[in-house]
Amino acid sequence: MKIALGCDHGGFGLKQEIAAVLKDCDCEVVDYGCYSSDSVDYPDIAAAVCKAVAGGECERGILICGTGIGISIAANRHPGIRAALCSEPFSAQMSREHNDANVLCLGGRVIGGALALQIVDVWLKTEFSGGRHLRRIQMLD
Ligand code: RB5
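Since the structure is predicted, the reported quantities are computational estimates derived from the model, not experimental observations.

S.K.: Explain the pattern of salt bridges to me, please; I cannot follow it from the model alone.
M.R.: Between side chains of opposite charge, a pair can form as their charged atoms come close. As enumerated under the stated definition, the model contains 4 salt bridges in all. Between Asp31 and Lys15 there is a salt bridge; the shortest N-O distance is 2.9 Å. With a gap of 16 residues between them, Asp31 in strand β2 (residues 28-31) and Lys15 in helix α1 (residues 12-22) connect regions that are remote in the sequence. When its relative accessible area of 28% is taken as the criterion, Asp31 is described as partly exposed. If you follow the salt bridges from partner to partner, you end up with Arg82, Arg96 and Asp100 in one network.

Quick look at the structure:
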């Protein structure tokens, strides 16, 4: 799986932790920045990752800002993007099964690295259930 990864300065540390782990997984990661803890604007990073996902270059995206809120709001303004802000694994699982979320958002100042990695793991492994949920996500576009 090809994954687009992005963060602002509030999510930079967590993005680095996630990138380090995904490097050893059976997936390809494209890092859309930011590349330091210097201040950047999360809508720009969300746009780059969402363009890659909506355009089909990457299958899924992971976005991180300080709370995950701003970057999830920004991501969900892009057509074809279903971004889910998750702070625990159950929501991450359901965001895949019921919502076919194609972007996962995390708060780098909200959750720690170990929990974030559990969330990422379940989110990447869980498939969309389809059925009645397909009709509902089709109503979103
Ligand atoms: C940046 O300071 C912070 O506002 C941002 O990372 C995010 O939390 C916004 O929702």
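After that view of the structure, there is still more to cover.
S.K.: Looking at this model, I keep getting lost on the side chain of Arg96. Mind explaining?
M.R.: Topologically, Arg96 is positioned in helix α4 (residues 89-97). Residue class for Arg96 comes out buried when judged on its relative accessible area of 4%. Within the structure, the side chain of Arg96 is placed 2.9 Å from the backbone oxygen of Ala101, a separation counted as a polar contact. Excluding residues within four positions of it along the chain, Arg96 makes contact with Arg60, Ala101, Trp123, Thr126, Glu127, Phe128 and Ser129.

S.K.: Looking at this model, I keep getting lost on a nonpolar patch on the surface. Mind explaining?
M.R.: Nonpolar side chains collect at one region of the surface, where Ile69, Ile73 and Leu85 lie side by side and expose about 260 Å² of accessible area between them. Along the chain, Leu85 falls in strand β4 (residues 83-85).

The rules behind each value
- Residues numbered from 1 in each chain as written.
- Predicted model: local features only at pLDDT ≥ 70, side-chain atom pairs only at ≥ 80, totals over all residues.
- Heavy atoms only, no water.
- Salt bridge = Lys/Arg side-chain N within 4 Å of Asp/Glu carboxyl O.
- Helix = DSSP H or I, 4+ residues; strand = E, 2+ residues; numbered from the N terminus.
- Buried < 20%, exposed > 50% of the residue type's maximum accessible area, 1.4 Å probe, protein only.
- Polar contact = N/O pair within 3.5 Å; in protein donor to acceptor, adjacent residues only side chain to side chain.
- Contact = heavy atoms within 4.5 Å.
- Patch = residues over 30% accessible without salt bridge, like charges linked within 9 Å, V, L, I, M, F, W, Y side chains within 5 Å.
- Areas by Shrake-Rupley, 256 points an atom, 1.4 Å probe, with all protein chains shown as cover.

By themselves these figures say nothing about function.
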